[in-house]
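Inside the fold
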Amino acid sequence: MTIPLEALIDGAVRTLTEAVLPDVTSRFARGQLFAVVDVLRNLRDRLEVKAALHEAEAASAAAALERAAAALGREAAAARIAGALAAAPAGPPAERAAALRAALVAALETIDVLPPEVGDPARAAITEHLAAQTMRDLALLKPSLLGEISKG
Amino acid sequence: MDDDLGARLERFVGERLGAPVRVIHLERSTEGFSQETFVFEVEVGRERRGYVAKREPVAGLLEPYDLEPEFRVLHALSDDPLPSPPTPWFTRDPAVLERPFYVMERLPGEVPIPAARADGSGPFDDAERAALGPQVARALARLHAIDWRARGFQFLGAPRPGREAAEHELARWEERIRRSGLPVSPPLAEALLWCRRHAPATDAITLVHGDYRLGNFLVVHEAGGPRLTGILDWELVHLGDPLEDVAWCASPLWRAGTPYASALLPPEEFAARWAEASGRTADPERLCFYAVLAFVKMIAIMLSGLAAFRSGRTTDLRMAIFDHQFPFLHLLLGMTRGWLAGAPA
């Protein structure tokens with residue numbers, strides 16, 4: 001998630017109070033809406049993204065960076081990738097996952113300037129992680145309400 | 001709806017028509033995620049006329065906003081056979097609606113959206129696809145045939161023949177990503193690196209709609225089948241490689257749960273029909289580049305919306321839904337780039 005949970009809840013509360021509430025005329029529905037806002041405001045400081053999600057991502061990313069560095073053997077690029085991996089903080093899980101995402105981006109850039117016969121195995125190690133992480137993220141995605149959102 | 005907004009539109013339209021008008025219906029549209037769109041109907045004497053006002057948002061997906069280029073294009077095309085909405089008026093005067101806006105005539109039809117139905121099927125049945133798909137391909141060819149020099153569209157900035165069209169588009173979206181201030185995900189980084197190495201050359205510089213796809217088509221359902229009555233949302237219009245539009249329209253982003261380009265035609269058939277109608281070549285190398293760039297562009301748009309929401313500059317919660325949609329984008333991007341198995345549907 002790019003937006004911190006607190007900012008997401010603040011935005012939802014703003015939308016409900018500023019954009020939705022003025023158009024709700026039934027007293028009962030307005031009461032229910034205020035209750036939703038009240039719940040959200042009180043949840044705001046009690047929530048955090050499940051640590052297990054970040055830990056799984058970080059473990060997979062770290063393994064991919066290790067494999068990429070190993071595939072590059074004695075290349076200087078291997079040392080840079082290993083250095084970025086070592087520099088990632090051990091925790092908290094969200095910070096470690098974010099640091100390893102940045103390390104993956106840097107590793108892709110490092111590999112990109114290498115000849116394909118040198119860089120391709122290392123790139124494959126990283127894209128293997130990207131595929132696995134995408135599937136992990138997708139498993140959490142609920143069916144889209146884009147149609148309803150668009151049509152109102 | 002805001003009575004004051006209606007009164008302001010009455011004055012604005014009345015002054016331009018030189019006759020008193022009365023707004024009899026005014027509604028904010030929910031379809032557009034970028035500009036603010038107001039659909040309204042006025043009474044002029046005994047006649048009723050439908051209009052659509054497009055206003056710059058305070059913040060949103062395509063910052064920084066400037067409606068004037070698209071207005072100038074739409075205004076110039078108002079007499080063209082292409083089904084673009086005739087667009088008579090634009091103003092920057094903040095006294096009217098606080099922010100710049102333009103007014104176009106309302107065309108008949110409805111906007112099918114790029115989302116699968118509840119049963120998982122796409123928005124069109126086979127007969128509708130067979131009727132509408134070729135119209136969409138031909139209209140795009142017609143759009144690319146517009147003589148932009150004769151129309152005076154040089155103000156859009158013409159790329160030189162060669163790689164400049166591709167490089168300019170890539171740079172434009174990279175700049176938007178950078179401006180969002182949000183981190184580049186590894187899948188996006190992989191795509192950007194690939195795009196930088198594979199920007200193709202072209203000598204064919206045409207008008208490019210920039211957002212030609214399901215969701216921006218107006219369609220009327222008639223006894224003889226569906227008819228394309230409007231091409232909407234020109235805010236990304238520019239000069240460039242016409243295959244950018246072909247790849248965007250065929251992108252997995254807009255297939256609505258079907259395997260078809262904009263839920264209409266198999267992607268290869270769509271490109272072939274466009275090539276036949278335009279007399280141009282659907283070069284696979286260029287199409288491949290713009291197919292990947294489509295994801296870069298979409299992710300850049302989503303990041304801009306998220307940044308606007310995160311900063312509190314917009315309260316539109318629709319911007320926040322992008323945050324959990326990235327895995328879906330990464331899935332389609334991974335399939336397109338080949339690091340995820342399977343073909344994008």
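Quick caveat, the model's predicted, so the values are computed rather than measured.

1. Structural notes on the overall build of chain A
- Helix and strand content of chain A: 7 helices and 0 strands.
- Helices (α) and strands (β) of chain A occur, in sequence order from the N terminus, as α-α-α-α-α-α-α.
- Against the globule reference of 15 Å for 152 residues, chain A gives a C-alpha radius of gyration of 22 Å, more extended than a compact globule.
- The buried share of chain A, taken over its 152 residues, is 27%.
- When contacts within chain A are restricted to residue pairs at least 6 apart in sequence, those whose partners lie at least 24 apart make up 62%.

2. Re the interface of chain B and chain A
- At the junction of the two partners, chain B supplies 30 residues and chain A supplies 32 residues.
- Sorting the residues of the side of chain B that touches chain A by element identifies helix 6 (186-198), helix 9 (284-310) and helix 10 (326-337) of chain B as the ones contributing at least two each.
- Its residues assigned to classes, the side of chain B that touches chain A comprises 19 nonpolar, 6 polar and 5 charged.

3. Topic: the domain arrangement of chain B
- The domains assigned to chain B are domain 1 (3-105) and domain 2 (126-337).
- Between the C-alpha centres of domain 1 of chain B and domain 2 of chain B there is a distance of 25 Å.

4. Structural notes on helix 8 (residues 267-278) of chain B
Residue and element names in this part refer to chain B.
- Here helix 8 spans 16 Å end to end across 12 residues, near enough to the 16 Å set by a 1.5 Å rise per residue.
- Restricting attention to buried positions, one finds in helix 8 the residues P267, F270, A271, R273, W274 and S278. For helix 8, the angular spread of buried residues about the axis comes to 160 degrees, placing them on one side.
- Following helix 8 by one or two positions, G279 has its phi on the positive side, about 75 degrees.

5. Observations concerning the sheet that holds strand 5 (residues 101-105) of chain B
Residue and element names in this part refer to chain B.
- Read from one edge to the other, the open sheet built from 5 strands follows the order 1-2-3-5-4, with strand pairing classed as antiparallel. The strands lining the two open edges of the sheet, one partner per strand, are strand 1 (21-28) and strand 4 (89-91). Here the average twist between neighbouring strands, direction ignored, is 25 degrees.
- Two strands pair when backbone bridges link them, and strand 4 and strand 5 are joined in this way by 3 bridges, in the antiparallel orientation. Within strand 5, the position partnered with T91 by the bridge is F101.

6. Digging into the nonpolar core
- By size, the foremost hydrophobic cluster in this structure holds 129 residues, and its most contacted members are L65, A68 and A107 of chain A together with F295 and V296 of chain B.
- It is helix 9 of chain B that contributes the most residues to this core, 19 residues altogether.
- Not counting residues up to four positions away in its chain, the partners in contact with F295 of chain B are A191, L329, L332, L333 and T336 of chain B.

7. Section: the environment of G257 of chain B
All names here are of chain B.
- Mapped onto the secondary structure, G257 falls in the loop between helix 7 (242-250) and helix 8.
- Residues G257 and E190, 67 residues apart in the sequence, show an inter-C-alpha distance of 25 Å.
- Apart from residues lying up to four places away in sequence, G257 is in contact with A116, G120 and G122.

8. Description of the packing of helix 3 (residues 51-71) of chain A against helix 5 (residues 93-112) of chain A
Residue and element names in this part refer to chain A.
- Running from amino to carboxyl end, helix 3 crosses helix 5 at an angle of 30 degrees, the nearest separation of the two axes being 8 Å. Taken together, helix 3 and helix 5 sit at an angle that is classed as roughly parallel. Here helix 3 and helix 5 pass one another in a crossing that is left-handed. Seen from helix 3, the contacting residues are A51, H54, E55, E57, A58, A61, A62, L65 and A68; seen from helix 5, they are P93, A94, R96, A97, L100, R101, A103, L104 and A107.
- A class-by-class count of the residues in the contact of helix 3 with helix 5 yields 13 nonpolar, 1 polar and 4 charged.

9. Observations regarding the environment of A137 of chain B
Residue and element names in this part refer to chain B.
- One can find A137 in helix 4 (residues 126-145).
- The spacing of A137 and R160 is 23 residues in sequence and 26 Å in space, taken between C-alpha atoms.
- Among residues more than four places away in sequence, those in contact with A137 are F270, R273, W274 and A277.

10. Side note on the pairing of strand 7 (residues 217-222) of chain B
All names here are of chain B.
- As paired elements, strand 7 and strand 8 (residues 225-231) share 6 bridges and run antiparallel to each other. Among the inter-strand pairings, V219 is bridged to a residue of strand 8, identified as L228.
- Hairpin connection of strand 7 to strand 8: 2 residues between the antiparallel strands.

11. Thoughts on the confidence of the model for chain B
- Summarising the model, chain B shows a mean pLDDT of 93, and 98% of its residues fall at 70 or more.
- Overall fold confidence for the complex sits at a pTM of 0.92, while the interface term, ipTM, reaches 0.89.

12. Some details on the environment of L140 of chain B
Residue and element names in this part refer to chain B.
- Mapped onto the secondary structure, L140 falls in helix 4.
- For the pair L140 and I231, spaced 91 residues apart in sequence, the C-alpha to C-alpha distance is 9.5 Å.
- Those residues in contact with L140 that sit more than four places away from it in its chain are Y212, D245, C249 and W274.

13. Overview of helix 2 (residues 27-43) of chain A
- With 17 residues, helix 2 of chain A extends 24 Å from end C-alpha to end C-alpha; this agrees with the ideal 24 Å at 1.5 Å per step.
- Of all the 17 residues making up helix 2 of chain A, 0 are buried; the element is thus mostly uncovered.

14. What about the packing of helix 1 (residues 5-20) of chain A against helix 2 of chain A?
Residue and element names in this part refer to chain A.
- The geometry of helix 1 relative to helix 2 is characterised by a closest axis approach of 9 Å and an angle of 160 degrees between their N-to-C directions. Taken as axis vectors, helix 1 and helix 2 run roughly antiparallel relative to one another. As helix 1 packs across helix 2, the resulting crossing turns out to be left-handed. Each of I9, A12, V13, L16, T17 and V20 in helix 1 lies in contact with helix 2, whose residues at this interface are L33, V36, V37, L40, R41 and L43.
- Broken down by class, the residue content of the contact of helix 1 with helix 2 amounts to 10 nonpolar, 1 polar and 1 charged.

15. So, unusual backbone geometry
- Residues G91 of chain A and P92 of chain A are joined by a peptide bond in cis, for which omega reads -5 degrees.
- Of note in this structure, E98 of chain B is not a glycine but carries a positive phi near 75 degrees.
- Relative to the assigned elements, E98 of chain B resides in the loop between helix 3 (94-97) and strand 5.
- On the basis of neighbour counts, which here come to 13 C-beta atoms within 10 Å, the residue E98 of chain B falls in the partly exposed class.

Parameters at a glance
- Residues numbered from 1 in each chain as written.
- Chains lettered and ligands numbered in written order.
- Predicted model: local features only at pLDDT ≥ 70, side-chain atom pairs only at ≥ 80, totals over all residues.
- Helix = DSSP H or I, 4+ residues; strand = E, 2+ residues; numbered from the N terminus.
- Rg over C-alpha atoms; globule rule 2.2 N^0.38 Å.
- Buried ≥ 20, exposed ≤ 12 C-beta atoms within 10 Å, placed from the backbone.
- Contact = placed C-beta atoms within 7 Å.
- Nonpolar A, V, L, I, M, F, W, Y, C, P; charged D, E, K, R; others polar.
- Domains from an automatic or database assignment.
- Expected span 1.5 Å × (residues − 1).
- Arc of directions from axis to C-beta.
- Pairing = 2+ DSSP bridges.
- Axes fitted to C-alpha atoms, helices over the stretch in contact; angles between N-to-C directions.
- Core = buried A, V, L, I, M, F, W, Y, C linked by C-beta atoms within 7 Å.
- Parallel < 35°, antiparallel > 145°, perpendicular 65-115°, else oblique.
- Left-handed = near helix turned anticlockwise from the far one by under 90°.
- pLDDT = per-residue confidence, 0-100.

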